[in-house]
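Residue-level listing of the chains:
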Amino acid sequence: MKERSKAGQAAVWQARLIMLVMINIAQLWILAATVDAALARHYSVLIPLVIASGVCFAITLSIIKWWRPTSRKKTSSGYIR
Amino acid sequence: MSKNLSDESDVQAATAPFQAEFPYERDEEAQVTRREFCNFLGLTSAALFVGAAGFAGKAALDARESLSSPAAPIEGAETLTPNSSLNFNYPTERDSAILIRTADGAYHAYGQKCTHLSCPVYYSRADQRLECPCHEGAFDAATGAVLYGPPPRALDVIEVETRDGQVWATGRNGG
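Quick caveat, the model's predicted, so the values are computed rather than measured.

K.L.:
Which parts of the structure should I look at to understand the overall build of chain B?
P.N.:
In terms of regular secondary structure, chain B is built from 3 helices and 10 strands. Counting from the amino terminus, chain B carries its helices and strands in the arrangement α-α-α-β-β-β-β-β-β-β-β-β-β. Of all 175 residues assigned to chain B, the portion counted as buried reaches 31%. Of the contacts made within chain B by residues no fewer than 6 positions apart, 36% connect residues no fewer than 24 positions apart.

K.L.:
Got a minute to help me understand the environment of Ala26(A) in this structure?
P.N.:
All names here are of chain A. As for its position among the elements, Ala26 is in helix H1 (residues 2–40). Here Ala26 falls in the partly exposed class, since its relative accessible area comes to 32%. Taking C-alpha positions, Ala26 is 9.5 Å from Ala52, a pair spaced 26 residues apart along the chain.

K.L.:
Mind showing me how you'd approach the sheet that holds strand S6 (residues 129–132) of chain B here?
P.N.:
Across a sheet, paired strands are connected by hydrogen bonds in the backbone, their directions being either parallel or antiparallel. All names here are of chain B. Taken together, 4 strands build an open sheet; the order of strands is S5-S6-S7-S8 and the sheet is antiparallel. Because the sheet does not close on itself, it has two edges, and the strands there are strand S5 (122–124) and strand S8 (146–148). Adjacent strand axes in the sheet meet at a mean angle of 40° when their direction is disregarded.

K.L.:
Could you clarify how one ought to interpret unusual backbone geometry in this entry?
P.N.:
Most of the time, phi is negative for any residue but glycine, and the peptide bond is trans. Residue and element names in this part refer to chain B. Following Tyr90, the chain continues into Pro91 via a peptide bond in cis, with omega recorded as 0°. Relative to the helices and strands, Pro91 resides in the loop between strand S2 (84–89) and strand S3 (96–101). For Ser118, which is not a glycine, the phi torsion comes out positive at approximately 70°. Locating Ser118 in the fold gives a position in the loop between strand S4 (107–111) and S5. Given the relative accessible area of 29%, Ser118 is considered partly exposed. Phi at Asp164 takes a positive value of approximately 50°, unusual for a residue other than glycine.

K.L.:
Hey, could you run me through the side chain of Ser84(B) in this one?
P.N.:
Residue and element names in this part refer to chain B. In this structure, Ser84 sits in strand S2. Reaching out from Ser84, the side chain makes a polar contact with the backbone oxygen of Thr81 at a distance of 2.3 Å. In contact with Ser84, not counting residues within four places along its chain, are Leu99, Ile100, Arg101, Tyr123 and Arg125.

K.L.:
Is there a simple way to explain the packing of aromatic side chains in this structure?
P.N.:
Aromatic ring pairs: the centre-centre distance and the angle between the two ring planes describe each pair. For the structure shown, the criterion picks out 2 aromatic pairs over all chains. Seen in terms of ring centroids, Phe57(A) and Phe49(B) are 6.0 Å apart; in terms of plane orientation they differ by 15°. Their pairing is stacked. Of the two residues, Phe57(A) is situated in helix H2 (residues 46–65) and Phe49(B) in helix H3 (residues 34–65); the pairing between them involves two chains. Take Phe49(B): its relative accessible area is 24%, and that puts it in the partly exposed class.

The rules we used
- Residues numbered from 1 in each chain as written.
- Chains lettered and ligands numbered in written order.
- Predicted model: local features only at pLDDT ≥ 70, side-chain atom pairs only at ≥ 80, totals over all residues.
- Heavy atoms only, no water.
- Helix = DSSP H or I, 4+ residues; strand = E, 2+ residues; numbered from the N terminus.
- Buried < 20%, exposed > 50% of the residue type's maximum accessible area, 1.4 Å probe, protein only.
- Contact = heavy atoms within 4.5 Å.
- Pairing = 2+ DSSP bridges.
- Axes fitted to C-alpha atoms, helices over the stretch in contact; angles between N-to-C directions.
- Polar contact = N/O pair within 3.5 Å; in protein donor to acceptor, adjacent residues only side chain to side chain.
- Phe/Tyr/Trp six-rings, centres within 6.5 Å; stacked < 30°, edge-to-face > 60°.

Below you can see the structure in the form of structure tokens.
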């Protein structure tokens, strides 16, 4: 049972890492599009691009700070490792 | 007995005397935990967000600055021969610009930054057009319009006029 729990935790960590890498790649694309739009003076798309990058950062923070494997119990002193 | 993670026993042997003064384990350097990697990705995400916001902010500031362009004389423009160019700064010392006297004797001036990725454009006398050496974009010498290449818009046009035999820059418009 303990082995299964460990395997599950490893899978969740792996999923977190993959999602973080994907979000970073998306943000790289957004930064490139922002540079392109700024140089082309397409000002109307700049704010949506910055908001999209901010949303990506918020998702990244939420993944790092709050996503935990469900098998980990929360106590008053934090999560059981 | 510690396990050797790298295959650098020769390097370790060679650096052994230094380890007393600089106890730096090469094997430990190669180990990055998942938590550390996650935090690194988080920092990267923050940096990319700040970069996008900074770039957008700078573009907005530049757009506001370009609205005010007081008239200024272009030194040395009178001596410019047809089919040649002269670099100058307008409207501020930080904004490089290029004045062209075409073969018919008319003056045209443009911001020197290529609209693709801001490389400086130069006047090609042989082809009588403005060219960007970075990604092979080209602009019309008489209008600043894109002839070919990756630039998404025309060059910034600087309006010029002749006052008492001297050439003046009188305003700058986005292309």
